[in-house]
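Results of the structural survey
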Amino acid sequence: MTSPNVPRNAYTDAPEQHPNLIIGSLQLLWWIIFHPSAFRNHLNHIDPDLEPFSSVDILMREKRWQKLALWRLLIQVNLILPVLASLLIGLVLWGLGIPTERVAWGVVSGLVFGLGWGVVFGLAWGVAFDVAFSLAFRFRKEFRLGWGVVSGVVFGLVSSLASGLAFGLVFGLASGFCWGLESAALYRFLWGWEWVLVSSWKWGLTWGLAWGLALGLASGLTSSLAWGLTWGVVITINLWLPVMLYPFLTVKNFLLYWLDKLGISNQPHFLRWHSAFWDEWQRLPLHGLDKHVLLVLERNAEEGKAALDYLRISRQRWAAQAVQIELDARKLEYRRDVVAISNAHDSLKFGELNSPISSLLSSFSYISQDVDAAINQKSAYNQRLVFSAVAEKLNGLIRELTRSSNKYSVRFLSIAIHWYKIVTNHIQELAETVELRQENDNPYLIGVPLTEQQEIFTGRTDIGTRIEQLILDRRRPPLLLYGQRRMGKTSLLNNLGRLLPNSIIPMFVDLQGPVSSASDYAGFLYNIARAMIVSAKRQSAVTLPPLTRETLAVDPFTSFDEWLDKVEQTLDQNIALLSLDEFEALDDAISKGRFDEQDVLGMLRHLIQHRPRFKLLLAGSHTIEEFQRWASYLINVQVLHISYLKEPEARQLIERPVKDFTLRYEPDAVERVLQLTRCHPFLVQLLCAEIIYLKNEQDPSVRRLAKLADVEAAVPAALSSGSFFFADIQNNQVGAGLADNPLSQINHTSTKPALTDGLAVLRFIAAQGEGATVSREVLSHQFGDNLDNILELLLRRELIEEIGEGYRFQVELIRCWFVRK
């Protein structure tokens, strides 16, 4: 249903015909010449089931002749148009000085002569050819007895247009139209209604002009020359006519645009008369059309959208593309604050099809998502940190657009500058707000690994040095980075680019998620390669060759091995450190039968032995001895134990985690944090973050100095917010959840009693108070013969430590958790 805000019969290929017979007839002629789609849709509207090859018996049986619309069409084409055309020709001839009597006689006689000639000749040829082809192809349904009578009458009547102008120039024109229509009748079974009427017009014009020139030219040109010249002009009319009309249409379209600019916004616009919406043959771009559509969109969105939808599938679709690009640019340009920018990616729609601005829209969309992530940061410090990264991305985009030769670069450059100003102003506002309120920035990240972008990453230089030494070892031993959960293994792997020389290229692969969850080897190896490519680019700015799923589909391991050859060529003299984090996840996939042990671990062993440019580093919370299958493939594994931070590193994390950190600690407050956390990197961040939250709620006069009481007051909040960490210890490291894991078997003995009693031992020791050491004798009396297995498990998990003849908790905060529970 057409919207009331869109003019009727505008921006469509199916307009309604005018009810007036004369105007409607002229409209048909206009459609045939300039808008054939409208003519086709008009025929379809008269009879949707009308087929060019329908036979006479079907027509009679279905009584299609009873349709008034069909009779109307026949009258308009065979009577009204010929009369109008004859009158027009007569007027032209009279204007050329031909006597009135001759013109009048020629018009009248032409109509009478043409009517009789056309009906008889057209009917005869139509039936003859239809019967001939029906017999020749009687077994083919599409060549049945066709529209013999109908086509004869129709084409014969149309030929009456000018056949009466039979003398001199008049005779040439008349007979030409007659013969043109009859000739069209011979072939209408191949092309249908539209071809018949269009070709009738062309044949008539061609024949008439040819005979007119042949008889009227006194220069002696032969009729064959006249025929050739005229025919060449007519059959190429759709090529030269649009070019000839182009300058006139350009002026006319500009006037329509000017009138719309001066017009009233709530009235139908003159855009509907633009030639783009009725001239289907115009291939040249109609300049200014995009601006005209944008003007209408601003004033009447529904009408503008209707025009835009029409242009998308027309010869002027360049204008639709230009309009859509401008609309996208305006969506980005009208963002006035960071909240508006953060929502921009929801309104940007760009697919995989090639577009001049696909990459630009993608860049702005990613920046919008980054702004959204920045707003959702809990602390003002982290907001400023992410916003600063966004500002840097925008600055890079500005430089790229400045150098770009893309014709849309200038348009989007202003948007990038606009966004950059908004983001940098917001960063300044955040800094001023924090300073005004004397708040403390909270740079601590809880529960997520630190990337190379986080300044807060501290220490681990000793492990970095040891890794470098082992990488340069000619024996090329595989490495195992072993440590308890939340000890900073993944953070270290993410920051190896800081700790290692430039000649070592870290390639970090997280074996959790897509890698170990892949359904086949192609997906498994593809996800490994993808992670290697991303990590090398991020940590070392090295671009590795791509690897597609299609390449891996036929022979995954061979294709992956060939890709590694290309990677080695890219590395040149550098060394690749392939870091496989959470290797237990891959072992679990092998245990479940998703991958074969020989295929996966054999590939890793082959890489170690035959690719000297690659070094393998596994990371996890278990030792190789706990995974017998890995130990048999990875010989001479060098273990790197990652544990608590050194005390100077922990002090730096507490007092100077980042540059310009505003919170100051009293000495006894720092000592208490060290006592409670034992320099555990996760627990230091957890407790210090809660101290900052606590201080920011206090009076501004005391917000920037932490005292011992503040540390003690923050402990309950730390135990609550870090409950996921402590619950993991209880449930998965020494709890019932571990009993069901085949990887947790201890010395081939029953695990469940040790686990159950392990929780009891921890609670018993915790109840003795802070720093309390419980002797082995007391524990033996309390827990019986299974004590050795229990203590071995708890020591391996680094939960307790042996002090002389007794045991105590290693970390006070963990003890506090078990006291609470």
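If you're wondering where the values come from, they're calculated on a predicted model, not measured in any experiment.

Regarding the packing of aromatic side chains
- Within the structure shown, the criterion is met by 18 aromatic pairs.
- Where F277 meets Y310, the ring centres are 5.5 Å apart and the plane angle is 50°; that geometry is what we call tilted. Linking F277 in the loop between α11 (237–262) and α12 (289–299) with Y310 in helix α13 (residues 301–312), this pair joins segments that are 33 residues apart in sequence. Each of the two residues, F277 as well as Y310, counts as buried.
- In textbook terms, an aromatic cluster arises when at least three aromatic residues are bridged by ring pairs, as seen for F682, F724, F725, F726 and W817.
- Sitting over the ring of F682, R486 keeps its end group 5.9 Å from the ring centre.

A word on the nonpolar core
- In this structure, Y665, L683, L687, I691, L779, I814 and F818 are the most contacted members of the largest nonpolar core, which totals 61 residues.
- Tallying contributions element by element places helix α32 (residues 681–696) first for this core, with nine residues.
- Setting aside residues no more than four positions away along its own chain, L779 makes contact with V761, F764, I765, V774, G784, L787, L791 and Y807.
- Residues F524, L571, V600 and L604 belong to the second largest nonpolar core, which totals 48 residues.

A short note on the confidence of the model for the protein chain
- Mean pLDDT over the protein chain stands at 78; residues scoring 70 or higher make up 77%.
- Within the protein chain, helix α8 (residues 188–191) has the poorest average pLDDT of any element, 35, and helix α31 (residues 667–677) the best, 96.
- pLDDT under 50 marks residues 125–221. Its contacts with residues more than four places away, or in other chains, come to 210 contacts.
- Counting interchain partners and residues more than four positions distant, the pLDDT-below-50 stretch residues 736–754 has 27 contacts.

As for helix α19 (residues 409–436)
- Here α19 spans 40 Å end to end across 28 residues, near enough to the 40 Å set by a 1.5 Å rise per residue.
- Inspection of α19 places S409, F412, L413, I415, A416, W419, I422, V423, H426, I427, L430 and V434 among the buried residues, and these make up the whole buried set.
- Turning to α19, the residues buried within the fold contact α14 (317–333), α15 (338–342), α16 (344–347), α17 (358–375) and α18 (380–403).
- One or two positions beyond α19, positive phi appears at Q438, with a value near 55°.

What about the sheet that holds strand β9 (residues 800–803)?
- Read from one edge to the other, the open sheet built from three strands follows the order β8-β10-β9, with strand pairing classed as antiparallel. Each edge of the open sheet is held by one strand with a lone partner, namely β8 (774–775) and β9.
- Running over the sheet, helix α38 (residues 787–796) touches β9 and β10 (806–809) and is turned about 110° from β9.

Reading the values: rules and limits
- By convention here, each chain's residues receive numbers from 1 onward along its written sequence.
- Per-residue local features are limited, in this predicted model, to residues with pLDDT of at least 70; the limit for side-chain atom pairs, both in listing and counting, is 80 or more; totals at the level of whole chains, interfaces and linings are taken over all residues.
- The side-chain figures draw on all heavy atoms in the structure; neither hydrogens nor water molecules are used.
- Two rings from Phe, Tyr or Trp (for Trp, the six-membered ring) form a pair when their centres are within 6.5 Å of each other. A pair whose planes differ by under 30 degrees is stacked, one over 60 is edge-to-face, and the rest are tilted.
- Counting from the N terminus, the helices are the DSSP runs of H or I reaching at least four residues and the strands are the DSSP runs of E reaching at least two.
- Exposed residues in this analysis have more than 50% of their type's maximum accessible area, buried residues have under 20%, and partly exposed residues fall in between, with area computed by a 1.4 Å probe over protein chains only.
- A ring is considered to have a charge above it if a Lys NZ or an Arg CZ atom is located within 6 Å of its centre and within 35 degrees of its normal.
- The criterion is simple. A nonpolar core is a set of buried Ala, Val, Leu, Ile, Met, Phe, Trp, Tyr and Cys residues joined through side-chain atoms within 4.5 Å.
- It only takes one pair of heavy atoms within 4.5 Å for two residues to be counted as in contact.
- pLDDT is a residue-level measure of predictor confidence that goes from 0 to 100.
- An expected span of 1.5 Å times one less than the residue number is assigned to each helix.
- Here a strand pair is declared whenever DSSP counts at least two bridges between the two strands.
- In this description, a line fitted to the C-alpha atoms serves as the axis of each element, helices being fitted only across the stretch in contact, and the angle between N-to-C directions of two axes falls anywhere from 0 to 180 degrees.

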